[in-house]
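Summary of the model geometry
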Amino acid sequence: MGDYYNNDETSETYTTVGNVPNSCILDGCGYQLANTAPCHALRNILCPLDNVGLCSSVNDIFSHILALSSHMTQRFLFFIENLVLRDVNRHSEDLVAFSGCQPRSPMDCTDKSAFEDGPSSSSPEIHENRSMVVEEELLGNARFEVAKMLTVPLLCLKLASKFAVACWRLSLSYIRCTQLQLSSIMSRVQRTLHGSSDDIGWLQCNPDMAPVEDGTSRFLEVLEAIRNGEHRLPNSFLYLLIPGLFSNHGPLYFVGTKRFFSKMGLTCHIAKIHSEASVEHNAWELKQYIEELYWGSGKRVMLLGHSKGGVDAAAALSMFWDDLKGKVAGLALVQSPYGGTPVASDILREGQIADKETRRIMELIICKLIKGDIRALEDLTYEKRKEFILKNKLPDEIPFISFHSEASIAPGVLATMTHIAHAELPWLPLLKFGSENLDELELPGGQVPVAIPLSAAMAVCALHLQLRYGEKSDGVVTCRDAEVPGSVVIRPDRKLDHAWMVYSSRKKNPSEPNASEMCEAILTLLVEIGVERNNREKGDCVDQS
């Protein structure tokens, strides 16, 4: 009797039991096989997991397992069905036999006499129909129970497979995020360690830049003549000294050199600019300052800029040469980071370790404490200097001098103090020694020199640059970055740090030239170069005529 079951006629429908909608699987005869409501609920839960978009081998493995489990379930259902059908047939036969042997009551006889006219075979047909109904009910209940028992493990297995796939995908995403973080950290470490190795000396590596000319020997001759009392700096020019970064906080910046020039009867000024401003801003300020000096004196201006002051002056000439042509006679850049400085680049370089924190600290120091502009330091980085120099060319009509030096890193430099300012003492009543009269009081007023170990700091920075990059420097600017293309370069053998040219040291050696004599020799050589260039141009004009 179990041969009538058709697996292909199995369908899915929805029923309602006790006002609760359920999903049931029915066979071809309409019997309920399994309650599939958990399947739909599980499908709604697991659908977002399918949207991840990744079909892994784990999912394929679980699909094969589910197919094998479904096949085994069907075979098991067939086996249970045969057992149930055999028991039902046996029960039906026993029921028919029992009903045939049962004694009849008078009522049954009456009923029989009443229905004698009917067919005599009605009683066996009724028993056969009852047996079939019982058989179908038992078979349907057996199918439902077996399907119910096997559906729950299958659903759990499917849920476990989906969960395993989701965990695997989540672990892969965490691994990818970790790899990206490690890659970013390694990139930052490499960028930090690499530093400015590829940027130092980029001016000499650029074939489009003009070559430099060595003027050290002639400079030493002029310096020796000045020390012997031969001062040849003409009074036909006006000399403008341009201070560098943080000069507003050093009251003695260029003061000794200006006093030295004034004693020789030369007109000398120190540019009143905001040293902590950007290069373009100071270039505009210098352009106006030079025009005022020229129109006020009628003399052309000789420029000498130290550190960032030389960069500001060069920017003024390259940006506003049409307005300054005929008003400026030459420019000397003393220890100026014309090509950039590794100190500024290593501090403000993006993409290195703690780059944002370092920038915040520098903004706090420069912008909040010093009341300056962070662009003053940012404009000295290699990136900004490359962009500016390639965009703005220096004029060829005037001479240029580049002066750079190397700082000493000897242990004795650590004890050297640099005089940067004076501190005024209050008027305090002081009693004369040996006098008992309280009326004999003096009210002396004086100045106390303010000295800091600036040379020691420059020596430490120079040692750092030498060990890290193998470059000679004055503590701030490397020698190769201070050489302006097309200029006459002065390379003294004497060990001079970055602050020596503008501040006086507490240790003075009379046998060696001081900073004022150095500045005079630089400007004297600049005047000579300008005169030679003018004579050469005049000779060329005569030859052409």
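All values derive from a computational prediction rather than experimental measurement.

With respect to helix H15 (residues 454-469)
What sets the pattern is the α-helix's 3.6 residues per turn: residues three or four places apart point alike. In this model H15 runs 22 Å from its N-terminal to its C-terminal C-alpha over 16 residues, within 8% of the 22 Å that 1.5 Å per residue would give. Listed in full, the buried residues belonging to H15 are Leu 454, Ser 455, Ala 456, Met 458, Ala 459, Ala 462, Leu 465 and Tyr 469. Among the residues trailing H15, Gly 470 stands out with phi positive, at a value near 70°.

Looking at unusual backbone geometry
The bulk of non-glycine residues show a negative phi, and the bulk of peptide bonds are trans. Within the chain, Phe 246 stands out as a residue other than glycine whose phi angle is a positive 65°. For Phe 246, the location among the structural elements is in the loop between strand E5 (237-242) and helix H7 (255-263). Of the residues examined, Phe 246 reaches a relative accessible area of 35% and is grouped as partly exposed.

Let's talk about the environment of Lys 371
As for its placement among the helices and strands, Lys 371 is situated in the loop between helix H12 (355-369) and helix H13 (375-378). For Lys 371 and Ala 277, which are 94 residues apart along the polypeptide, the C-alpha to C-alpha distance reads 9.5 Å. In contact with Lys 371, other than residues within four places in its own chain, are His 274 and Ile 366. A polar atom in the side chain of Lys 371 sits 3.3 Å from the backbone oxygen of Lys 368.

Description of the sheet that holds strand E8 (residues 328-334)
Pairing within the open sheet is parallel, and its 7 strands lie in the order E4-E14-E9-E8-E7-E5-E6. Since the sheet does not close on itself, it has two edges, and those belong to strand E4 (213-214) and strand E6 (268-270), each with one partner. Lying on the sheet, H7 is in contact with E5 and E6; it crosses E6 at an angle near 165°.

Conventions used here
- Residues numbered from 1 in each chain as written.
- Predicted model: local features only at pLDDT ≥ 70, side-chain atom pairs only at ≥ 80, totals over all residues.
- Heavy atoms only, no water.
- Helix = DSSP H or I, 4+ residues; strand = E, 2+ residues; numbered from the N terminus.
- Expected span 1.5 Å × (residues − 1).
- Buried < 20%, exposed > 50% of the residue type's maximum accessible area, 1.4 Å probe, protein only.
- Contact = heavy atoms within 4.5 Å.
- Polar contact = N/O pair within 3.5 Å; in protein donor to acceptor, adjacent residues only side chain to side chain.
- Pairing = 2+ DSSP bridges.
- Axes fitted to C-alpha atoms, helices over the stretch in contact; angles between N-to-C directions.

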